[in-house]
Amino acid sequence: MSTYEKIKEIETEMARTQKNKNTAYHLGTLKAKLAKLKRELIAPPKSGGGGGEGFDVAGTGVARVGFVGFPSVGKSTLMSKLTGTFSEVSEVEFTTLTTVPGVLHYKGAKIQILDLPGIIEGAKDGKGRGRQVIAVARTCSLIFLVLDVLKPLTHKAVIEREMESVGIRLNKEPPNIVFRKKDKGGINMTSTVSLTNLDKDVVKSILNEYRIASADISFRCDATADDLIDVIEGNRVYIPAVYVLNKIDQISIEELDLIYKIPHAVPVSAHHEWNFDELLEKMWLYLNLVRIYTKPKGLLPDYSAPVVLKRDRAAVHEFCNAIHRGILKEFSHALVWGNSVKHNPQKVGREHVLLDEDVVSIVKKK
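Thresholds applied
- Residues numbered from 1 in each chain as written.
- Predicted model: local features only at pLDDT ≥ 70, side-chain atom pairs only at ≥ 80, totals over all residues.
- Heavy atoms only, no water.
- Phe/Tyr/Trp six-rings, centres within 6.5 Å; stacked < 30°, edge-to-face > 60°.
- Helix = DSSP H or I, 4+ residues; strand = E, 2+ residues; numbered from the N terminus.
- Buried < 20%, exposed > 50% of the residue type's maximum accessible area, 1.4 Å probe, protein only.
- Lys NZ or Arg CZ within 6 Å of the ring centre and 35° of its normal.
- Pairing = 2+ DSSP bridges.
- Axes fitted to C-alpha atoms, helices over the stretch in contact; angles between N-to-C directions.
- Salt bridge = Lys/Arg side-chain N within 4 Å of Asp/Glu carboxyl O.
- Contact = heavy atoms within 4.5 Å.
- Left-handed = near helix turned anticlockwise from the far one by under 90°.
- Nonpolar A, V, L, I, M, F, W, Y, C, P; charged D, E, K, R; others polar.

Here we look at the packing of aromatic side chains
So, step 1. Evaluation of the coordinates by the stated rule reveals three aromatic pairs.
So, step 2. A ring pair is formed by Tyr106 and Trp284, whose centres lie 6.1 Å apart and whose planes are at 65°; its orientation type is edge-to-face. You can see Tyr106 sitting in strand 2 (residues 100-106) and its partner Trp284 sitting in helix 9 (residues 276-287), a full 178 residues away along the chain. Each of the two residues, Tyr106 as well as Trp284, counts as buried.
So, step 3. Where Tyr293 meets Tyr303, the ring centres are 4.8 Å apart and the plane angle is 65°; that geometry is what we call edge-to-face. You can see Tyr293 sitting in strand 12 (residues 289-294) and its partner Tyr303 sitting in strand 13 (residues 302-310), a full ten residues away along the chain.
So, step 4. Exposure remark for Tyr293: the relative accessible area of 7% places this residue in the buried category.
So, step 5. Taking the ring centre of Tyr210 as reference, the NZ or CZ of Lys36 above it sits at 5.8 Å.
So, step 6. Taking the ring centre of Tyr243 as reference, the NZ or CZ of Lys156 above it sits at 4.8 Å.

Remarks on the pairing of strand 14 (residues 331-337)
So, step 1. Of the strand pairs in this sheet, strand 14 and strand 16 (residues 358-364) are connected by six bridges, and their pairing is antiparallel. Looking at strand 16, one finds that Leu335 is bridged to Ser361.
So, step 2. Looking at chain direction, strand 14 and strand 15 (residues 346-348) are connected through three bridges and run antiparallel. Bridging across to strand 15, Leu335 finds its partner in Lys347.

Some thoughts on the sheet that holds strand 12
So, step 1. Taking strand neighbours across the sheet as the criterion, the five strands line up as 13-12-16-14-15 in an open arrangement whose pairing is mixed. Both edges of this open sheet fall to strand 13 and strand 15, since each of them pairs with a single strand only. Averaged over all neighbouring strand pairs, the angle between strand axes comes to 40°, with direction disregarded.

Quick notes on the pattern of salt bridges
Side-chain pairing between opposite charges can occur once the charged atoms of the two side chains come close.
So, step 1. Applying the stated rule across the entire model yields 16 salt bridges.
So, step 2. Residue Arg39 pairs with Glu233 through a salt bridge whose shortest N-O separation is 2.8 Å. Here Arg39 is found in helix 2 (residues 24-42), whereas its partner Glu233 is found in helix 7 (residues 225-233), with 194 residues between them in sequence.
So, step 3. The salt bridge partner of Arg291 is Glu357, with a shortest N-O separation of 3.6 Å. One end of the pair, Arg291, is in strand 12; the other, Glu357, is in the loop between strand 15 and strand 16, and 66 residues separate them in sequence.

Brief notes about the sheet that holds strand 10 (residues 241-246)
So, step 1. Pairing within the open sheet is mixed, and its six strands lie in the order 2-3-1-4-10-11. The open sheet has two edge strands with one neighbour each: strand 2 and strand 11 (265-267). Recorded for the sheet is a direction-independent mean angle of 25° between the axes of neighbouring strands.
So, step 2. For strand 2 and strand 3 (residues 109-115), the ladder comprises seven bridges, and the chain directions are antiparallel. In the sheet register, Gly102 faces strand 3, and the bridge partner there is Ile113.
So, step 3. Sheet strands in contact with helix 9 are strand 1 (63-69), strand 2, strand 3, strand 4 (142-148), strand 10 and strand 11, and its direction is about 90° off that of strand 2.

What to know about unusual backbone geometry
So, step 1. Cis geometry marks the peptide bond from Asn344 to Pro345; its omega dihedral reads -5°.
So, step 2. Following the sequence through the fold, Pro345 ends up in the loop between strand 14 and strand 15.
So, step 3. The backbone phi angle of Lys107 is positive, close to 50°, even though this residue is not glycine.
So, step 4. Position of Lys107 among the secondary structure elements: in the loop between strand 2 and strand 3.
So, step 5. A residue is classified by how much of its surface remains accessible, and Lys107, at 27% relative accessible area, is partly exposed.
So, step 6. For Arg211, which is not a glycine, the phi torsion comes out positive at approximately 55°.
So, step 7. Inspection of the secondary structure puts Arg211 in the loop between helix 6 (200-209) and strand 8 (215-219).

Remarks on the packing of helix 2 against helix 6
So, step 1. It is the contact of helix 2 with helix 6, at a shortest axis distance of 8 Å, that shows an interaxial angle of 30°. For helix 2 against helix 6, the interelement crossing comes out right-handed. Residue-level contacts link Ala24, Tyr25, Gly28, Thr29, Ala32, Lys33 and Lys36 of helix 2 to Asp201, Val202, Ser205, Ile206, Asn208 and Glu209 of helix 6.
So, step 2. By residue class, the composition of the contact of helix 2 with helix 6 is five nonpolar, four polar and four charged.

As far as function goes, none of this settles anything; it's purely spatial.
Right, dumping it as structure tokens:
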């Protein structure tokens, strides 16, 4: 029996099983078995070398945004209009057969854009080059799920299901669970919150499937069985996503008002270039980037070429390394102007965390 057939068999059994306290142990075991099988789908194919022709794209810029969606929803038109990179456009499905890279310059940041081939239902099973598309999607800093505004929720549900099946968690934070395997001592389970979805028997059923007899587990959130399995597997990726609802030139104002109620959504018309400003602003927000301006000694700040960093990796030493790794050897302190300091300028050390549009002057050792 193939991996896909085994997965289908377990999913069918889970669908038939009623959810209650008496079946929680059995469902926990089935979910763990399912996760182990799906691990094979996440791993790249062993034969053929890499992700396939045209799918391995060298990273460039400070972030990578992948366009994912069904065939012929306007991904290529959107890519061409945003970046000036030609990606073949047609009403025929599957015009884009490989990854088409482009570069978008926004707020001083160089951002790589990838137009991925159209995804279809069953992509996780390899249909329509789906596994290669999803493998590239896992490497993105942000995913643009491009949807046809005339059937957004249908396509949205299918793509989310395909992504979820191969370990991509969209617009979610990693579960706050601390898990540590031990050689002996049994299962030690603690929680700082009330657990409404798990008890020790369900946790043990999942650990038994992974043949883990001893472990320390600390729950710091009201976790589910799926959350625990995600932590044990350790191969999940948590990626922000924006739902780009294309072709709004084909709907009414009343329908547009309804579309705006979809979380994480931005309606656009790629053909007419409508609402690109909101889309790019949302992209910047979800990428969580900050711009830091340099100020050479005795000169005005250089606002033309900011150093762009991730917001959670924006300490002074990371700013220095982004310019040149040799700077820290001669680093004495930095002078900072901006929102991260109380006084302008303020003398700070290498661990000081910078905020968007701070100005920094590096002072070297004498």
